[in-house]
Amino acid sequence: MSLKVEGISKKFGSNLIIDNYDFEVTPEQITIVLGESGSGKTTLLRMINNLEKVDQGSISIDGVLLVEDGVYKSSNDVKAYQHKIGLVFQDYQLFPNLSVLENLLLAPLSNQMGSREELIVKAKELLNQMGLPDKELMKPRQLSGGQKQRVSIARAMMMNPSILCFDEPTSALDEQTVAKVADLILQLQAQGMMILIITHDRTLVELLGSRAQVIESTSFLN
Ligand SMILES: Nc1ncnc2c1ncn2[C@@H]1O[C@H](COP(=O)(O)OP(=O)(O)OP(=O)(O)O)[C@@H](O)[C@H]1O
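Residues numbered from 1 in each chain as written. Predicted model: local features only at pLDDT ≥ 70, side-chain atom pairs only at ≥ 80, totals over all residues. Heavy atoms only, no water.

Remarks on the UniProt feature "domain: ABC transporter" (unreviewed entry) in the protein
Inference 1: Here the UniProt-annotated "domain: ABC transporter" (unreviewed entry) positions come out as residues 3-221.
Inference 2: Secondary structure content for residues 3-221 is 36% helix and 27% strand, and the end C-alpha separation is 20 Å. (UniProt positions renumbered as here; feature names shortened; annotations may be inferred. Helix = DSSP H or I, 4+ residues; strand = E, 2+ residues; numbered from the N terminus.)

Here it is in structure tokens:
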């Protein structure tokens, strides 16, 4: 299992952001992309999640290609690729009018990943694992930042991804909650989930310690 990024490049106009860049995420280590504001971290994450096009290079997960030598695959291949990747947004992006449970059910139901009953069982298991067994009927606005983030993680996990990507997972959280997020990420990795984190938070890096490889975003342009 791996996410492979090979020789990707990206320019906005004449502004080169990423130059012929390679890296790999595996289950053995959490991968952290660390760097200052404006260094291209979000652009990299958006390209991996097919929210921004690459100019050149290849991206694949578990051998399923999103793009090869700068050429995007057919829509069916792209769909297969996207099912393997889960994204936890910085601002969580939960649907405000849906309950926690309905937030979890929406994507797997529309992708026909099981019956409603089966998916409810799975959603409840995940909410339990996230320490939120009593929140399923609440709306996102009734939750704390840390709780919203855990709902967002559970929602991504409903699609059985191979990899979970976190965009600045600690930017809106207090110190105590940051430690809890680090514990949860370590737990997910111990269960075999590949993890990619984009951050500028060195405290999070310290908390993840020896289980993480750190890539400095200054290396995007070497
Ligand atoms: N859609 C766009 N059009 C033009 N330039 C862009 C676009 N998106 C990003 N950029 C530029 O690309 C560079 C990298 O931006 P990016 O958001 O990837 O950095 P970042 O490291 O994630 O920063 P931050 O930590 O502040 O989010 C910046 O100079 C930014 O202005």
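What to know about the site of the ligand
Inference 1: Every residue close to the ligand is listed here: Phe12, Asn15, Ile17, Glu36, Ser37, Gly38, Ser39, Gly40, Lys41, Thr42, Thr43 and Glu168.
Inference 2: Glu36 places a main-chain nitrogen or oxygen 3.4 Å from an oxygen atom of the ligand.
Inference 3: Contacts to the ligand include Gly40, whose backbone N or O atom sits 3.0 Å from an oxygen atom.
Inference 4: Across the complex, the protein chains shield 57% of the 640 Å² of accessible surface that the ligand would expose by itself.
Inference 5: Counting residues per element, the ones that place at least two in the shell around the ligand are strand 2 (15-25) and helix 1 (41-48).
Inference 6: Looking at the shell around the ligand element by element, the count peaks at three residues for helix 1.
Inference 7: Residue composition of the shell around the ligand, grouped by class: two nonpolar, seven polar and three charged. (Near = heavy atom within 4 Å. Polar contact = N/O pair within 3.5 Å; in protein donor to acceptor, adjacent residues only side chain to side chain. Areas by Shrake-Rupley, 256 points an atom, 1.4 Å probe, with all protein chains shown as cover. Nonpolar A, V, L, I, M, F, W, Y, C, P; charged D, E, K, R; others polar.)

Quick word on the sheet that holds strand 4 (residues 56-61)
Inference 1: Strand order in the open sheet made by the five strands is 2-1-4-5-6, with antiparallel pairing throughout. Every other strand in the sheet has two partners, leaving strand 2 and strand 6 (71-72) as the edge strands with one partner each.
Inference 2: In this structure, strand 4 lies alongside strand 5 (residues 64-68), joined through three bridges in antiparallel fashion. Within the sheet, the bridge partner assigned to Ile61 lies in strand 5 and is Val64.
Inference 3: Against the sheet, helix 1 contacts strand 1 (3-12), strand 2, strand 4 and strand 5, and its axis sits at roughly 120° relative to strand 1.
Inference 4: Sheet contacts for helix 2 (residues 75-83): strand 1, strand 4 and strand 5; angle to strand 5, the most-contacted strand, approximately 120°. (Pairing = 2+ DSSP bridges. Contact = heavy atoms within 4.5 Å. Axes fitted to C-alpha atoms, helices over the stretch in contact; angles between N-to-C directions.)

Regarding the packing of helix 3 (residues 100-110) against helix 4 (residues 116-129)
Inference 1: Running from amino to carboxyl end, helix 3 crosses helix 4 at an angle of 130°, the nearest separation of the two axes being 10 Å. Taken as axis vectors, helix 3 and helix 4 run oblique relative to one another. Pair helix 3 / helix 4 crosses with right-handed handedness. Facing Val100, Leu101, Glu102, Leu104, Leu105, Pro108 and Leu109 of helix 3, the residues of helix 4 in contact are Arg116, Leu119, Ile120, Ala123 and Leu127.
Inference 2: Residue classes in the contact of helix 3 with helix 4 are distributed as 10 nonpolar, no polar and two charged. (Parallel < 35°, antiparallel > 145°, perpendicular 65-115°, else oblique. Left-handed = near helix turned anticlockwise from the far one by under 90°.)

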